[in-house]
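Okay, here's what each chain looks like letter by letter:
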Amino acid sequence: MASTNRPDILDPALLRPGRFDRHILIDRPDVKGREAILKVHVKEKPLNENVDLGVLAKRTPGFTGADLANVVNEGALLTARRGHKTVGMQELEEAIERVIAGPEKKTRVISDKEKRLVAYHEAGHALVSFFLPDTDKLHKISIIPRGRTGGHTLLLPEEDRNYITKSHLLNEVTILLGGRVSEALVLNDISTGAQNDLERASSIVRKMITEYGMSEELGPLTFGHKSEEVFLGRDISRDKNYSDAIAYAIDKEAGTYMENCYKKAREILETNIIKLHRLAECLIEQETINGIEFEEIITAV
Ligand code: ZN
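Cut-offs applied
Residues numbered from 1 in each chain as written. Predicted model: local features only at pLDDT ≥ 70, side-chain atom pairs only at ≥ 80, totals over all residues. Heavy atoms only, no water. Helix = DSSP H or I, 4+ residues; strand = E, 2+ residues; numbered from the N terminus. Buried < 20%, exposed > 50% of the residue type's maximum accessible area, 1.4 Å probe, protein only. Contact = heavy atoms within 4.5 Å. Areas by Shrake-Rupley, 256 points an atom, 1.4 Å probe, with all protein chains shown as cover. Core = buried A, V, L, I, M, F, W, Y, C linked by side-chain atoms within 4.5 Å. Pairing = 2+ DSSP bridges. Axes fitted to C-alpha atoms, helices over the stretch in contact; angles between N-to-C directions. Patch = residues over 30% accessible without salt bridge, like charges linked within 9 Å, V, L, I, M, F, W, Y side chains within 5 Å. Salt bridge = Lys/Arg side-chain N within 4 Å of Asp/Glu carboxyl O. Phe/Tyr/Trp six-rings, centres within 6.5 Å; stacked < 30°, edge-to-face > 60°. pLDDT = per-residue confidence, 0-100. Parallel < 35°, antiparallel > 145°, perpendicular 65-115°, else oblique. Nonpolar A, V, L, I, M, F, W, Y, C, P; charged D, E, K, R; others polar.

## Things to note about the overall build of the protein chain
Next, step 1: The number of helices and strands found in the protein chain is 10 helices and 5 strands.
Next, step 2: A burial count over the protein chain gives 38% of its 301 residues as buried.
Next, step 3: Restricting the contact set of the protein chain to residue pairs at least 6 apart, pairs at least 24 apart contribute 68%.
Next, step 4: Accessible surface for the protein chain amounts to roughly 18,200 Å². Of this, 51% is attributable to carbon and sulfur atoms.

## Points about the nonpolar core
Next, step 1: With 26 residues, the main nonpolar core has Val128, Ile141, Leu276, Leu279, Leu283, Ile289 and Phe294 as its most contacted residues.
Next, step 2: The set of elements that each furnish at least two residues to this core consists of helix H5 (112–131), strand E1 (137–142), helix H6 (166–186), helix H8 (244–271), helix H9 (273–286) and helix H10 (291–300).
Next, step 3: Excluding residues that lie within four positions of it along the chain, Phe294 makes contacts with Ala126, Leu127, Phe130, Leu138, Ile141, Leu279 and Ile289.
Next, step 4: Leu169, Leu218, Phe223 and Cys261 belong to the second largest nonpolar core, which has 17 residues in total.

## Side note on the environment of Gly65
Next, step 1: Note on placement: Gly65 falls in helix H3 (residues 65–81).
Next, step 2: On the accessibility criterion, Gly65 (26% relative accessible area) is partly exposed.
Next, step 3: Through-space distance from the C-alpha of Gly65 to that of Gly33 is 9.0 Å; in sequence the pair is 32 residues apart.

## Structural notes on the sheet that holds E1
Next, step 1: Across the sheet, 3 strands lie side by side as E2-E1-E5; this open sheet has antiparallel pairing. Both outer strands of the open sheet, strand E2 (152–156) and strand E5 (288–290), are each paired with one neighbouring strand and no more. This sheet shows a mean twist of 15 degrees between the axes of neighbouring strands, independent of strand direction.
Next, step 2: Bridge analysis of E1 against E2 gives 5 bridges, and the strand direction is antiparallel. Pairing of Lys140 across the sheet is with Leu154, part of E2.
Next, step 3: Strands E1 and E2 of the sheet are contacted by H5, whose axis makes an angle of about 25 degrees with E2.

## Observations concerning a nonpolar patch on the surface
Next, step 1: On the surface, a nonpolar cluster with roughly 230 Å² of combined accessible area is contributed by Leu10, Leu14 and Phe20.
Next, step 2: When you line up the elements, Phe20 lands in the segment before helix H1 (31–42).
Next, step 3: For Phe20, a relative accessible area of 38% puts it in the partly exposed group.

## What about the packing of aromatic side chains?
Next, step 1: For the coordinates displayed, the defined rule picks out 2 aromatic pairs.
Next, step 2: A centroid spacing of 5.1 Å and a plane angle of 85 degrees characterise the contact between Phe130 and Phe131, whose relative ring orientation is edge-to-face.
Next, step 3: Assessed through its relative accessible area of 32%, Phe131 is described here as partly exposed.
Next, step 4: Under the relative-accessibility criterion, Phe130 is labelled partly exposed at 34%.
Next, step 5: Among the aromatic residues, ring-to-ring pairing joins Phe130, Phe131 and Phe294 into one connected group.

## Side note on the confidence of the model for the protein chain
Next, step 1: A residue-level look at the protein chain finds 89% of positions with pLDDT of 70 or above and a mean pLDDT of 85.
Next, step 2: Within the protein chain, no element has a lower average pLDDT than strand E3 (residues 225–227), which sits at 59, and none a higher one than H9, at 96.
Next, step 3: Contacts for the low-pLDDT stretch residues 228–234, under 50 throughout, to residues beyond four places or in other chains number 7 contacts.

## Side note on the pattern of salt bridges
Between side chains of opposite charge, a pair can form as their charged atoms come close.
Next, step 1: Throughout the structure, instances matching the rule amount to 11 salt bridges.
Next, step 2: Here Arg59 and Glu97 are joined by a salt bridge, their closest N and O atoms 2.6 Å apart. Residue Arg59 is found in the loop between helix H2 (53–58) and H3, and its partner Glu97 is found in helix H4 (residues 89–101); the two are separated by 38 residues along the sequence.
Next, step 3: Of the residues examined, Arg59 reaches a relative accessible area of 31% and is grouped as partly exposed.
Next, step 4: According to the relative accessible area criterion, Glu97 is partly exposed, its value standing at 42%.
Next, step 5: In this structure, Lys137 engages Glu295 in a salt bridge whose closest nitrogen and oxygen atoms are separated by 3.3 Å. On the criterion of sequence distance, the pair formed by Lys137 in strand E1 and Glu295 in helix H10 is long-range, its members being 158 residues apart.

## Focus: the packing of H6 against H9
Next, step 1: In the contact formed by H6 and H9, the axes pass within 12 Å of each other and the chain directions differ by 100 degrees. When the axes of H6 and H9 are compared, the pair comes out roughly perpendicular. Only Ile273, Leu276 and His277 of H9 make contact with H6, whose side of the interface consists of Ser182, Leu185 and Val186.
Next, step 2: Taken together, the residues of the contact of H6 with H9 break down into 4 nonpolar, 2 polar and no charged.

Listed below in structure tokens is the structure:
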């Protein structure tokens, strides 16, 4: 067993069957998880009656289990220094500040503004996927940061897909753009948070045109040779074996696909703006929402 923060740059040889072939994603805890973790760490400590672990959990979005253990230890130290007999709310709240400002600076508490931004972004992905036909089912939405992304919306297929249709791919692009559209629609501003979505969306439309022969303009041809050598941290690249005119046509058509998908996502979110607000509010409150809760929330408004 091994752990990494950068599974994207591992040598594929490490991941072959019989080696590290099972992957388990460990997320940072959500508000309920943080409360449960705090409960474990305060067990051995004499707690003052005024301590509300639920409030402390709400104040620590983005904290890991180790950060929370630190909060309790710092709180106990402060208590001892002050000569108190029990660890109080004030000490624990100060401890949170200390852990945030701590020497390592690894912990990043999420600001309310950031939370709102990520909530609308993820709610955008989720709602667009719900209102498109033939998409994977929503499994979980989270606004807790994972690795380098702010939050994530997890869709899982109900059965294995052996082949993927053009309309499915276009839906995928539309869902990816849903995050950015939601930011633009509600917050009147757009963030860098959508960068990865945009990269993935562009890569899908380009593959549709250059690899899958799904282009209306260029027809059922493939363009470019795949170079199969994989270097650490580098994507498989394609050698260009077509003219500048073709390159221009590919760019133009990719642009059209993206534009149509963007319009589609905006249409869905504009029509369902009340659901979007409700979903984002719930996300800000709960931080993670599972598939069942998601359907309850959006069918209730
Ligand atoms: Zn996104």
